[in-house]
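One-letter residues, chain by chain:
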Amino acid sequence: MRIMRLKEVMDTTGLGRSYIYKLASEGAFPKPVQLGGRASGWVGEEVESWILERIEERDRREGL
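Residues numbered from 1 in each chain as written. Predicted model: local features only at pLDDT ≥ 70, side-chain atom pairs only at ≥ 80, totals over all residues. Heavy atoms only, no water.

Undergrad: I tried to follow the pairing of strand β3 (residues 39-43) on my own but got confused; where do I start?
TA: Consecutive residues of a regular strand have side chains that alternate between opposite faces of the sheet. Of all five residues making up β3, four are buried, and the element is well covered by its neighbours. For strand β1 (residues 3-4) and β3, the ladder comprises two bridges, and the chain directions are antiparallel. Paired with Ile3 across the two strands is Val43, which belongs to β3. Where strand β2 (residues 33-36) meets β3, three bridges bridge the pair, whose relative direction is antiparallel. Along β3, the bridge assignment pairs Gly36 with Ala39. The hairpin turn running from β2 into β3, its antiparallel successor, is two residues long, and Gly37 in that turn takes a positive phi close to 60°. (Buried < 20%, exposed > 50% of the residue type's maximum accessible area, 1.4 Å probe, protein only. Helix = DSSP H or I, 4+ residues; strand = E, 2+ residues; numbered from the N terminus. Pairing = 2+ DSSP bridges.)

Okay, here's the thing in structure tokens:
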């Protein structure tokens, strides 16, 4: 299991900080895991699964 910090999540998804937190609060993106103090991170596999779901949705819409 790998924990991704915010910068890596932003670089991986192409999303901005506030939009990531907005989606997470709406249940549309994986929620961060508290690592201690003010540190948090995301489970890498959850972020990767979220990306794969977006790809699958795109392919279904395009009939692929």
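Undergrad: Mind showing me how you'd approach the environment of Arg54 here?
TA: The residue Arg54 is located in helix α3 (residues 44-61) in this model. The partly exposed category is assigned to Arg54, whose relative accessible area is 28%. Side-chain polar atoms of Arg54 contact the backbone oxygen of Trp50, separated by 3.1 Å. (Polar contact = N/O pair within 3.5 Å; in protein donor to acceptor, adjacent residues only side chain to side chain.)

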